[in-house]
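Take a look at the letters that make up each chain.
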Amino acid sequence: MTFSIHTVEKIGGTSMSRLKELLDTLFTGGRSGADLYGRVFVVSAFGGITDLLLEHKKSGAPGVYALFANDDNNHGWLDALNRVAEAMEAAHGAVLDNPRDVSMADDFVRERIEGARSCLIDLQRLCSYGQFRLSSHMAVIRELLSGLGEAHSAFVTTLLLTRAGVNARFIDLSGWRDEGEYTLEERIRDGLKDCDIATEMPIVTGYAQCRDGLMREFDRGYSEVTFSQIAALTGAREAIIHKEFHLSSADPKLVGEGKVRKLGRTNYDVADQLSNMGMEAIHPKAAKTLRQADVPLRITNAFEPDDPGTLIDDQPADAPGVEIVTGLNVVALEVFEQDMVGVKGYDTAILEALRRHNVRIVSKTSNANTITHYLDASLKTIRRVERDLAGLYPSAEITVQSLSVASAIGRDLNGLKVLTRSLAALEEADVEVIAVHQTPRNVDVQVVVARDDLETAIAALHDALVASPPARIACKAA
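Residues numbered from 1 in each chain as written. Predicted model: local features only at pLDDT ≥ 70, side-chain atom pairs only at ≥ 80, totals over all residues. Heavy atoms only, no water.

Before going further, it helps to examine the overall build of the chain. Along its length, the chain carries 18 helices and 14 strands. Computed over the C-alpha atoms, the radius of gyration of the chain is 24 Å, within 12% of the 23 Å expected from 2.2 N^0.38 for a compact globule of 478 residues. Overall, the C-alpha framework of the chain stretches about 65 × 65 × 35 Å when taken along its three principal axes. Counting every position in the chain, which comprises 478 residues, the buried fraction comes to 52%. Put simply, 75% of the contacts in the chain that link residues at least 6 apart link residues at least 24 apart. Carbon and sulfur atoms make up 48% of the accessible area of the chain, which totals about 21800 Å². (Helix = DSSP H or I, 4+ residues; strand = E, 2+ residues; numbered from the N terminus. Rg over C-alpha atoms; globule rule 2.2 N^0.38 Å. Buried < 20%, exposed > 50% of the residue type's maximum accessible area, 1.4 Å probe, protein only. Contact = heavy atoms within 4.5 Å. Areas by Shrake-Rupley, 256 points an atom, 1.4 Å probe, with all protein chains shown as cover.)

Below is the structure:
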């Protein structure tokens, strides 16, 4: 690999669907000659493609993978794969103008889709024999299907840039028809080994096939893990994620466009808290990689190329302050057992049940005889955990309740009386507080409220903690 002082930049799926707009802003943006280069782009699939390949991220509607996993006949997943091909062709048809480029993209889609179709049919045929089990191959199938979307978008982006006179290079890390076995680091090094970033613009697939499987550990967060590893391994000056919005102090739809503030600067502590609240600036594993490699992260609005966005690094705040207010719907799992006092093992058993059902913990509280976990999972999944615990502790009272958590987050909340002010603001907004949580590290305050009160709570907390004039905040802190 030949490197210069460079950046590694990631474009998300929603932004990729507006790829044509990015040509004259993000990719070229008035640059020419050598100024075009020194940038590595990691791309996600076009918006909606991965949902069609796997399952819809929000609704859970089955895609090719889910239909194949539960197939009673061939028609469901085969039809779904045809829909993927049609969606891919529509996506690049909206981006590419040159007929030859469109034809090349059509051929690319046909080759990948037919290859995947043949693979799945052969696997079904193999697993019709009793010695083979389809379930043992499903993780690999998920990996295979995931790579189709990113390979397509990277190939199309390369065509678009090449047509515009940019020396773009398609870097396919998806392992398509590759017989070798690589670690993630080896896969990246092999893909970039003869790139000259000073004279080429690598367009890299967000999915990277590797021995351990990215999907197995990171599922849909795999593209940010690939992105962060590339930035760390190549010693990037900066890692940049281009979104379709700025990282702001709250959702402008909830608190008002005129009230939100672009963060501008924060640190990885805040990024971790945002991830915990389901508002990922970056996947926590990717953030850890960048943090350990001492690579700063920048979050920008892809469609405002002159705005520097928000810089995330490892530095403390210059002054205390609440930077962002956000919220998340959760399910509260409460285990009450009178005999719990002074007895060890209850917490371990609950955590094991949550791990077994792959449930993510947002927050947790306990007292002498009660342990409550606030969980990011479906009610259906939590009911399975509840049944396991009821069998283990038949005399315990186990309750499950749908609630929400609103959180005020900042690099340094010391001296601001954030918890006191939060409770006062929610009281004034007539929001009942069910529980509160704050740790001595003082980077966040969590308030548990009813589901119907979440939006009101976020708006009230933002008005009291962020939108207040700085002089008023300083006065209260004093």
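In this section: helix H15 (residues 379-392). An ideal rise of 1.5 Å per residue puts 20 Å on 14 residues; H15 measures up with 20 Å between its terminal C-alpha atoms. For H15, the complete set of buried residues consists of Thr381, Ile382, Val385, Glu386 and Leu389. Seen from one end, H15 has its buried residues packed into an arc of 145°, which puts them on one side. Facing away from the buried side of H15 by more than 90 degrees, the exposed set consists of Lys380, Arg387 and Gly391. On its buried face, H15 sits against strand E9 (324-336), helix H14 (346-356), strand E11 (370-376) and strand E12 (397-409). (Expected span 1.5 Å × (residues − 1). Arc of directions from axis to C-beta.)

Attention now goes to the confidence of the model for the chain. As a note on interpretation, predicted positions should not be read in detail where pLDDT is low. Looking at the chain, pLDDT values average 91 and 96% of them are 70 or higher. Here residues 469-478 scores under 50 on pLDDT; set against residues more than four positions off or in separate chains, the count is 8 contacts. (pLDDT = per-residue confidence, 0-100.)

Turning to the packing of helix H8 (residues 184-192) against helix H10 (residues 222-233), a few remarks are in order. At a minimum axis distance of 10 Å, the contact between H8 and H10 shows a crossing angle of 70°. It follows from the interaxial angle that H8 and H10 lie roughly perpendicular. In this structure, H8 meets H10 at a crossing whose hand is right-handed. For the pair formed by H8 and H10, the contact residues are Leu184, Glu185, Ile188, Arg189 and Leu192 on the first element and Val225, Thr226, Gln229, Ile230 and Leu233 on the second. (Axes fitted to C-alpha atoms, helices over the stretch in contact; angles between N-to-C directions. Parallel < 35°, antiparallel > 145°, perpendicular 65-115°, else oblique. Left-handed = near helix turned anticlockwise from the far one by under 90°.)

Taking 1.5 Å of rise per residue, 26 residues should cover 38 Å, and helix H7 (residues 138-163) covers 39 Å from first to last C-alpha, within 8% of that figure. The buried fraction of H7 is high, at 21 of 26 residues.

Right, let's talk about the environment of Arg441 for a bit. If you trace the backbone, Arg441 turns up in the loop between strand E13 (435-438) and strand E14 (444-450). Since its relative accessible area comes to 57%, Arg441 is described here as exposed.

This part is about the packing of H10 against helix H13 (residues 284-292). Viewed as axis vectors pointing N to C, H10 and H13 meet at an angle of 5°, and their least axial separation amounts to 8 Å. Relative to H13, H10 is oriented roughly parallel. Together, Glu224, Val225, Phe227, Ser228, Gln229, Ala231 and Ala232 of H10 and Lys285, Ala286, Thr289 and Leu290 of H13 make up the contact between the two elements.

Taken together, the 6 strands give an open sheet; going across it, the order is E10-E11-E9-E12-E14-E13, and neighbouring strands pair in antiparallel fashion. Both outer strands of the open sheet, strand E10 (360-366) and E13, are each paired with one neighbouring strand and no more. Taking each pair of neighbouring strands and ignoring which way they run, the sheet shows an average axis angle of 30°. In terms of strand pairing, E13 meets E14 through 4 bridges, oriented antiparallel. Note on E14: the bridge partner recorded for His437 is Gln446. Helix-sheet contacts for helix H16 (residues 418-428) involve E12, E13 and E14, and the interaxial angle to E14 is about 25°. Strands in contact with helix H17 (residues 454-465) are E9, E12 and E14; relative to E9, the strand with the most contacts, it is inclined by about 130°. (Pairing = 2+ DSSP bridges.)

To continue, consider the nonpolar core. Within the largest apolar cluster, 107 residues are counted, with the highest numbers of intra-cluster contacts made by Phe27, Ile203, Leu214, Phe227, Ile230, Leu290 and Leu297. Per-element tally for this core: the top contributor is H7, with 11 residues. If we ignore the near neighbours within four places in the chain, the residues touching Leu214 are Glu143, Leu184, Tyr207, Ala208, Asp219, Tyr222, Val225 and Thr226. One finds Val418, Ala459, Ala460 and Leu465 within the second-largest nonpolar core, a separate group that totals 25 residues. (Core = buried A, V, L, I, M, F, W, Y, C linked by side-chain atoms within 4.5 Å.)

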